[in-house]
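Summary of structural features
Each chain, letter by letter, is given below.
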Amino acid sequence: MTQPEAGSFTLFRVAGITVFVHWSWFLMAYVQFKLQGEEYSGPAWVVIEYITLFGIVLLHEFGHALACRQVGGSAEQIVLWPLGGIAYVDPPPRPGAWLWSIAAGPLVNLVLVPVTGLLVVLGSAAGWKETFPDLQYYLVSIAVINLMLLIFNMLPIYPLDGGQILQSLLWFAVGRPLSLKIASIVGVVGGVGLILLALAGGSIWMGIMAAFLTYRAAIGFSHAKMLQQIAEMPRRPGLSCPACREGALQGDFWRCPQCGQPFDMIATQGQCPQCSAQFDSILCPQCGRSHPADAWQQAATDPYAGRSGTGA
Ligand SMILES: [Zn+2]
Ligand SMILES: [Zn+2]
Ligand SMILES: [Zn+2]
């Protein structure tokens, strides 16, 4: 397992998923703490509120990670940093698997809406606004924060969850490259819109967030162009990737990790013609997974090969 970003450290490990926190998260916590107004009677409540926000974001990311596992993908890391959480998920390259892995995050917030709302209602029925004003204010804050997180994440701006859900839905209809292309264009337009909103509202934080989203959407667009180019390349009959079912590429599309020479890994049975290095498995340039040569053969003849992992 690789360390995710520089500057993040392990917080804990549960169910095979390691949770990392980036140092800047603490800086952000401190800034928030300093900026906090007079809503609470003591600083302890500010800390409790921030830790609860942390917990909600974490639950959201676990939603992604566990759903990804359920459909046979891998998910080993969650990183929390000031712009939110990132669950490093790698679902199998099928639109349904992606849709579920992405939707499960906001679904956690959706489930929390009635839970947090009910607590507010109970609190005000019990008269906590008068007897425990801090507690009641906290309950309202948490309900609002959760709802805001849900709404923000569901904006159809790639790579926000809403944008990725849009992409997965389009994937069913138009295939992966075009779905990513459309979603990332919508993402760039939406991201620029958010930047303008942030400028108009004078919100630096939202501006940084929006700029980051726009940048990521632009990367999504170039990734889509690459996927499209690969989709148009010649195929070798009788071989297909066991993971993504795409036909094996025919040509010098593999680069030898040892000497850097491009070669056709399938034609040479995994042996580099320049340095004679031998590789046991063939990498699929389309989904980034490696499989032994016989698995590629089997996948082409048996339509159900490689379709393991529909949950455990
Ligand atoms: Zn999410
Ligand atoms: Zn593949
Ligand atoms: Zn080589």
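So, here's what we can say about the structure. (Residues numbered from 1 in each chain as written. Chains lettered and ligands numbered in written order. Predicted model: local features only at pLDDT ≥ 70, side-chain atom pairs only at ≥ 80, totals over all residues.)

Moving on: the overall build of the chain. Per the secondary structure count, the chain includes 9 helices and 10 strands. When each of the 312 residues of the chain is scored for burial, the buried share is 31%. Within the chain, contacts between residues at least 6 apart in sequence are counted, and of these 56% link residues at least 24 apart. (Helix = DSSP H or I, 4+ residues; strand = E, 2+ residues; numbered from the N terminus. Buried ≥ 20, exposed ≤ 12 C-beta atoms within 10 Å, placed from the backbone. Contact = placed C-beta atoms within 7 Å.)

Once that is clear, we can look at unusual backbone geometry. The omega angle of the peptide bond from Y158 to P159 is 5°, so this bond is cis rather than trans. Residue position: P159 is located in the loop between α5 (133-153) and α6 (161-174). Backbone geometry at A15 places phi at a positive 50°, although glycine is not the residue there. Looking at where A15 falls in the secondary structure, it is placed in the loop between β1 (8-14) and β2 (17-22). Backbone geometry at Q269 places phi at a positive 55°, although glycine is not the residue there.

What follows concerns the environment of L213. Within the element layout of this structure, L213 appears in helix α8 (residues 204-231). Residue classification places L213 among the buried residues on the basis of 24 C-beta atoms within 10 Å. Setting aside its immediate chain neighbours within four residues, L213 contacts I157, P159, L160, G187, G191 and L194.

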